[in-house]
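Spelled out, the chains give:
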Amino acid sequence: MNTTEKYLVGVYDDEDEVLHAVTEVKGKGVKIEEVYTPFPIHGLDTAIGHPRTRIPIAAFLFGLTGLTCAQFLINYTMVFDWPMIIGGKDFFALPDWIPVTFEGTVLFTAFGMVFTFFVSNSLWPGKTPKTFDLRSTDDKFIMTINMGTNKKSEAEIEEILKASGAIEVNVKQF
Amino acid sequence: MAGHSHFSPANVEEFYEFTPEARKRVITAMIIGAVLLGIGVFFLGSGEHEAAHAVAGHAAEHGGEHLSGGAVSHHESPWNPLNRLWVNLWMNGVFFSGIAVIGMFFVAVQYLAKAGWSSVVKRIPEAFPRFLYFTFPVLLLLFIFKGDVIFHWMHHGITDPASEHYDKIIAGKKGYLNFTFFLVRLVAIFTVWIVLWNMMRKKSIEEDLNGGTQNFFDMVRIGTGFVVAMGISSSLSAWDWVMSIDTHWFSTMFGWYMFSSWHVTGLATITLTVLLLKDKGYMQYVSDSHLHDLGKFMFAFSIFWTYVWFAQFLLIYYANMPEETIYFLERWEGHNKVYKAVEILNVFMNFFFPFLIMMTRDAKRTPIFLKICCFFVIVGHYLDFYQMIMPGTVGPHGGFGLVEFGTVILFASAFIYVVSTELTKASLVAKNHPLLEESLHHDI
């Protein structure tokens, strides 16, 4: 990496506090990048203002791809390349192929969604994870502010975080 | 979500009022249904005459070949047009018994799972089984007096080796399919359903008065018992009331198939009732998250129905054994193709439509989409029951006429009347349900 990213990391002690802090900090014009918590908190996503995930759309498209591929495979092998009569049915015996079509759809959807998730979250082999504060896997709630996307000065933001209930504010660079 | 935080236990009780105008409207619908039915029955005889001739001619052309696994082909006596009325009453009786009992099943499953989200809507399905009090006598009387019209195995002399109507296959099923044992099962199934529902309903209303958690745990126990009872009785009722019509034929999937049809219809009816009450200004605490969950239920069980339907179809299609394929052949090509359109609609309305319409999150949260989908599912599964029951009973004399529309309007308005009356008897929200708070904050 030739550019370093600088973050301010607010550490909170309590889930209600961090939920209120999100609204408060945002209200003061600070852009929050992410909040890391040891367990899911209801309403946190909407409070931060994350857009809804578009993974269902990806899933639908992967499903369509799977359906098409399964149909292509079975049509090519069973109807065009080497037509075979099985059980006295037509070459094109659609009901027989529904299970295969279903499996193809599910397989493509499942793998497609997993890989889309990995890619969109930058999770690939050899990647060094951005760990802001290890305690977010234990008992602390971590709010991260990307200084590159915020116009306010470091001191100002630190002040806002402290006022919203952060027990400490650290600087983290990657 | 925001609205819920102001919901205080002080104003938690909410009673549904079955207003005189609403009552009048439902009774008008009932009268319309009855009049249509009356006209339909009156004209049954005259219209049937020509149809019967046409069918007789058709059969003669094909050397009398029959595509029927059911009773019709074995009717030696002339066709009585009134039979169509009895069969329609039986069909609607079975269909609406299903919707009613699924109300109880839904509540039982929620208690068994100790689910919190559903406690704001649970009074709606809880009111449904009251209708069993009305379908029970209908089915009982029809079976006792008109059973031979509906069931092939009840035909006179069919298990008597000396009789000219003797049927070896049916005689082999005599141990299970006989008048007494069937009657015992019919009465037992309804008794178990009604008794368990009464216990549940009593505990539920008691909870409103007393509070505490004892009633909740009692209801968990009753619900568990009901789920076990339903596991057996749903299969028994499917074999008895519907599958035994096509006595020669059997399918090991049939219990599940009919249960899944009932279940998804029941879920659609619950959702539709909640939506309509919400439109009238009741149950404002039901949020789009609750609707989303009800929609998911309906979506999932539409697919479940398709899965069971298709599993049954695929095995029969693939194995290609004549005694099994007759069932689908009869519906697809038999009886002058009267049932072909219904077969196509069945899969379209009960699978493709709900599957594609209800797929997105937004659709499940939008009342109008939900309503359209509920409507399609309910009508679709009416057609599903229609094609299960009609080909084996009325066969070529079937169709959609005033009798069909009259009967279904009559049953539906009676169902609305009975359930609406039952809804007035308890608060629409179970105010002392221990998980009510969780349900009020339900957020997905």
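Residues numbered from 1 in each chain as written. Chains lettered and ligands numbered in written order. Predicted model: local features only at pLDDT ≥ 70, side-chain atom pairs only at ≥ 80, totals over all residues.

Engineer: Hey, could you run me through the overall build of chain A in this one?
Structural biologist: Across its full length, chain A carries five helices and four strands. Secondary structure elements in chain A, listed N-terminal to C-terminal, are β-α-β-α-α-α-β-α-β. In summary, chain A has a C-alpha radius of gyration of 25 Å against a globular reference of 16 Å for 174 residues, an excess of more than 25%. Projecting the C-alpha coordinates of chain A onto the three principal axes gives extents of approximately 80 × 35 × 30 Å. Residue burial in chain A is summarised as follows: out of 174 residues, 17% are buried. Excluding contacts between residues fewer than 6 apart, the proportion of contacts in chain A whose partners are at least 24 apart in sequence is 80%. (Helix = DSSP H or I, 4+ residues; strand = E, 2+ residues; numbered from the N terminus. Rg over C-alpha atoms; globule rule 2.2 N^0.38 Å. Buried ≥ 20, exposed ≤ 12 C-beta atoms within 10 Å, placed from the backbone. Contact = placed C-beta atoms within 7 Å.)

Engineer: Which parts of the structure should I look at to understand the UniProt feature "transmembrane region" (unreviewed entry) in chain A?
Structural biologist: Residues and elements named next belong to chain A. Here, UniProt's "transmembrane region" (unreviewed entry) annotation points to residues 57-77 and 97-120. When the span residues 57-77 is considered, its composition is 100% helix and 0% strand, and the gap between its end C-alpha atoms is 30 Å. Along residues 97-120 the backbone is 100% helical and 0% strand, and the end-to-end C-alpha distance reaches 34 Å. (UniProt positions renumbered as here; feature names shortened; annotations may be inferred.)

Engineer: Could you clarify how one ought to interpret the packing of helix H6 (residues 179-210) of chain B against helix H7 (residues 214-242) of chain B in this entry?
Structural biologist: A pair of packed helices can be characterised by two numbers: the angle between their axes and the separation between those axes. Residue and element names in this part refer to chain B. The N-to-C vectors of H6 and H7 enclose an angle of 160°; their axes lie 10 Å apart at closest approach. One way to sum up the angle between H6 and H7 is to call them roughly antiparallel. For H6 against H7, the interelement crossing comes out left-handed. When grouped by side-chain class, the residues that make up the contact of H6 with H7 number 13 nonpolar, six polar and six charged. (Axes fitted to C-alpha atoms, helices over the stretch in contact; angles between N-to-C directions. Parallel < 35°, antiparallel > 145°, perpendicular 65-115°, else oblique. Left-handed = near helix turned anticlockwise from the far one by under 90°. Nonpolar A, V, L, I, M, F, W, Y, C, P; charged D, E, K, R; others polar.)

Engineer: Sorry if this is basic, but what is going on with the domain arrangement of chain A here?
Structural biologist: Interface size is often expressed as the accessible area that is lost when the parts come together. The domains assigned to chain A are domain 1 (6-50 + 129-173) and domain 2 (55-120). Between domain 1 of chain A and domain 2 of chain A, the C-alpha centre-to-centre distance is 45 Å. (Domains from an automatic or database assignment.)

Engineer: Looking at this model, I keep getting lost on the interface of chain A and chain B. Mind explaining?
Structural biologist: With seven residues of chain A at the interface, the matching set in chain B holds six residues. Grouping the amino acids of the side of chain A that touches chain B by side-chain chemistry returns two nonpolar, four polar and one charged.

Engineer: Which parts of the structure should I look at to understand the sheet that holds strand S1 (residues 6-12) of chain A?
Structural biologist: All names here are of chain A. Spatially, four strands are ordered S2-S3-S1-S4 in an open sheet, and the strand pairing comes out antiparallel. The sheet is open, and its two edges are formed by strand S2 (34-36) and strand S4 (168-173), each paired on a single side. Geometrically, the sheet is characterised by an average inter-axis angle of 25° between neighbouring strands, direction not taken into account. Bridge analysis of S1 against S4 gives six bridges, and the strand direction is antiparallel. Within the sheet, the bridge partner assigned to Lys6 lies in S4 and is Gln173. Contacting S1, S2 and strand S3 (141-146), helix H1 (residues 15-27) crosses the sheet at an angle of about 20° to S3. Helix H5 (residues 154-163) contacts S1, S3 and S4 of the sheet and is inclined by roughly 15° relative to S1. (Pairing = 2+ DSSP bridges.)

Engineer: I tried to follow the environment of A:Val106 on my own but got confused; where do I start?
Structural biologist: Inspection of the secondary structure puts A:Val106 in helix H4 (residues 94-120). Sequence separation between A:Val106 and A:Glu34 is 72 residues; the distance between their C-alpha atoms is 32 Å.

Engineer: Looking at this structure, I do not really get the nonpolar core. What am I missing?
Structural biologist: What tends to happen in soluble globular proteins is that the nonpolar side chains get buried as a cluster. By size, the foremost hydrophobic cluster in this structure holds 111 residues, and its most contacted members are B:Met104, B:Val242, B:Met298 and B:Ile389. With residues up to four places along the chain from it excluded, the contact list for B:Val242 reads B:Val94, B:Met258, B:Met388 and B:Ile389. Grouped together as the second largest cluster of nonpolar side chains are 19 residues, A:Val22, A:Val35, A:Met143 and A:Leu161 included. (Core = buried A, V, L, I, M, F, W, Y, C linked by C-beta atoms within 7 Å.)

Engineer: Help me understand unusual backbone geometry in this model?
Structural biologist: Residues and elements named next belong to chain B. Positive phi, normally seen in glycine, also occurs at His335, with a value near 50°. In this structure, Lys337 is a non-glycine residue whose phi angle is positive, near 60°. Lys337 sits in the exposed class, given 12 other C-beta atoms within 10 Å.

Engineer: I would appreciate a short explanation of the packing of helix H3 (residues 55-81) of chain A against H4(A) in the present structure.
Structural biologist: Residues and elements named next belong to chain A. H4 packs onto H3 with a crossing angle of 140° between their chain directions and a minimal axis gap of 7 Å. In terms of orientation, H3 and H4 fall into the oblique class. The hand of the H3/H4 crossing is right-handed. Residue-level contacts link Ile55, Ala58, Ala59, Phe62, Gly63, Thr65, Gly66, Leu67, Cys69, Ala70, Gln71 and Ile74 of H3 to Trp97, Val100, Thr101, Gly104, Thr105, Leu107, Phe108, Thr109, Gly112, Met113, Thr116 and Phe117 of H4. A per-class count over the contact of H3 with H4 returns 14 nonpolar, 10 polar and no charged.

Engineer: Is there a simple way to explain helix H4 (residues 132-150) of chain B in this structure?
Structural biologist: Because an α-helix completes one turn every 3.6 residues, residues spaced three or four positions apart along the sequence face the same direction. Residue and element names in this part refer to chain B. The end-to-end C-alpha distance of H4, which contains 19 residues, comes to just 21 Å, noticeably less than the 27 Å that a straight helix rising 1.5 Å per residue would cover. At Ile144, H4 shows its strongest bend, of approximately 65°. Three or more residues of H4 are buried, namely Leu132, Thr135, Phe136, Leu139, Phe143, Val149 and Ile150. For H4, the secondary structure elements touched by its buried residues are helix H2 (83-112), H6 and helix H13 (367-393). (Expected span 1.5 Å × (residues − 1). Bend = angle between axes of the 7 residues up to and from the residue.)

Engineer: Can you help me understand the pairing of S3(A) in this one?
Structural biologist: Looking down a regular strand, the side chains alternate between one sheet face and the other. Residue and element names in this part refer to chain A. Bridging between S1 and S3 involves six bridges; their strand directions are antiparallel. Bridged to Val9 within S3 is Thr144. As judged from the three bridges shared by S2 and S3, these two strands associate in the antiparallel manner. The residue bridging Tyr36 from the neighbouring strand is Ile142, located in S3.

Engineer: Sorry, what's going on with H5(A) here?
Structural biologist: All names here are of chain A. Among the residues of H5, Ile157, Ile160 and Leu161 are the ones counted as buried. Buried residues along H5 cover an arc of 100° about the axis, so they all sit on one side. Opposite the buried face of H5, by more than 90 degrees, sit the exposed residues Ala155 and Ala163. Residues of H5 that are buried make contact with S1, H1, S3 and S4. Remark: Gly165 follows H5 within two positions and exhibits a positive phi of approximately 115°. (Arc of directions from axis to C-beta.)

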